[in-house]
Amino acid sequence: IIEELVEDALRKLAVDGHGIFLDDQAGVKFTLYELQQELAKTGHTYSLDQIKKALMVCVGTTIHLTTASGETVFSDHLFETVGLNTREDWKGQGKKTKAFVRFNSLVTKSIKEGSWRQYNYEISMRFKFVVSRQLNKRMSHNFTQANLAASYTISLSTMLRDFGLTTYTYIRDNLRHVTKALDEMVEKHVIRGYDIKN
């Protein structure tokens, strides 16, 4: 969970004036303290050690895009590069510990083509549940025809597959987690309501 929040917070810092291009790839420069404070602003309090570990997980995580037949058409790290000045900086307290992240090439491609979509960062970051955040982002990206009369449909199996959720033996256990997330989205006025159909 922390890795998703760190990635989103870094994109917010990039938009807020910390964005840079490194070797023609989109990136962001920041201090660990700035990142820690950005996360705290939206209710996520993490130690500097937790944030450092999350950065390392992100740079070690590989994204694979495949066709319906299972053929890999794209493979890249979530963050292409994470950099800190020195080993002492890495051990530092964070206020002056400078760092940079170079996002993966899909982010750069989206910026250059203008194919990115806006979503409400503040609301998304304040969601308690992963499903709430993931569904909010998915709807912002895909539900371009949204209006008061339109509805959005998604299957439980799609959420389990695409949101990295644990698949429980009994479907009711998965449904309980999704229902909590949907209730949270209603509470925050992101959706007006929902229906669950078998």
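None of these values were measured; they are calculated from a predicted model.

Caption draft 1: Up close: helix α2 (residues 32-41). Within the sequence span of α2, burial applies to Leu32, Leu35, Gln36, Glu38 and Leu39. Relative to the axis of α2, the buried residues are bounded by an arc of 160 degrees and lie together on one face. Where α2 is buried, its residues contact α1 (2-18), β2 (25-31), α3 (48-60) and α6 (121-126).

Caption draft 2: Representation of the sheet that holds β2 within the structure. Pairing is antiparallel in the open sheet, where four strands are placed in the order β1-β2-β6-β5. Across the chains shown, the open sheet's two edge strands, defined by having one partner strand only, are β1 (19-22) and β5 (79-84). Strand-to-strand, the axes of this sheet are offset by a mean angle of 30 degrees, without reference to chain direction. Of the strand pairs in this sheet, β1 and β2 are connected by four bridges, and their pairing is antiparallel. Bridge pairing in β2 places Ile20 opposite Gly27. Strands in contact with helix α5 (residues 105-113) are β1, β2, β5 and β6 (98-103); relative to β2, the strand with the most contacts, it is inclined by about 110 degrees.

Caption draft 3: Structural detail: the packing of α1 against helix α7 (residues 130-142). Two numbers describe how α1 lies on α7: the axes approach to 11 Å, and their chain directions differ by 40 degrees. With respect to each other, α1 and α7 are oriented oblique. Taken as a pair, α1 and α7 cross one another with a handedness that is left-handed. Seen from α1, the contacting residues are Glu4, Leu5 and Asp8; seen from α7, they are Val130, Arg133, Gln134 and Lys137. By residue class, the composition of the contact of α1 with α7 is two nonpolar, one polar and four charged.

Caption draft 4: Structural view of the confidence of the model for the protein. Residues at a pLDDT of 70 or more form 94% of the protein, whose mean pLDDT is 86. Per-element mean pLDDT across the protein ranges from 52 in helix α4 (residues 87-91) up to 94 in α2.

Caption draft 5: Structural view of the packing of aromatic side chains. Across all of its chains, the model carries two aromatic pairs by this definition. Ring plane angle 70 degrees and centroid distance 6.0 Å describe the contact between Phe79 and Phe103, whose orientation is recorded as edge-to-face. Taken together, the residues Phe79 in strand β5 and Phe103 in strand β6 connect sequence positions 24 residues apart. By relative accessible area, which is 0% here, Phe79 ends up buried. Lying across the ring of Tyr170, Arg172 places its NZ or CZ 4.5 Å from the centre.

About the cut-offs
Residues numbered from 1 in each chain as written. Predicted model: local features only at pLDDT ≥ 70, side-chain atom pairs only at ≥ 80, totals over all residues. Heavy atoms only, no water. Buried < 20%, exposed > 50% of the residue type's maximum accessible area, 1.4 Å probe, protein only. Helix = DSSP H or I, 4+ residues; strand = E, 2+ residues; numbered from the N terminus. Arc of directions from axis to C-beta. Contact = heavy atoms within 4.5 Å. Pairing = 2+ DSSP bridges. Axes fitted to C-alpha atoms, helices over the stretch in contact; angles between N-to-C directions. Parallel < 35°, antiparallel > 145°, perpendicular 65-115°, else oblique. Left-handed = near helix turned anticlockwise from the far one by under 90°. Nonpolar A, V, L, I, M, F, W, Y, C, P; charged D, E, K, R; others polar. pLDDT = per-residue confidence, 0-100. Phe/Tyr/Trp six-rings, centres within 6.5 Å; stacked < 30°, edge-to-face > 60°. Lys NZ or Arg CZ within 6 Å of the ring centre and 35° of its normal.

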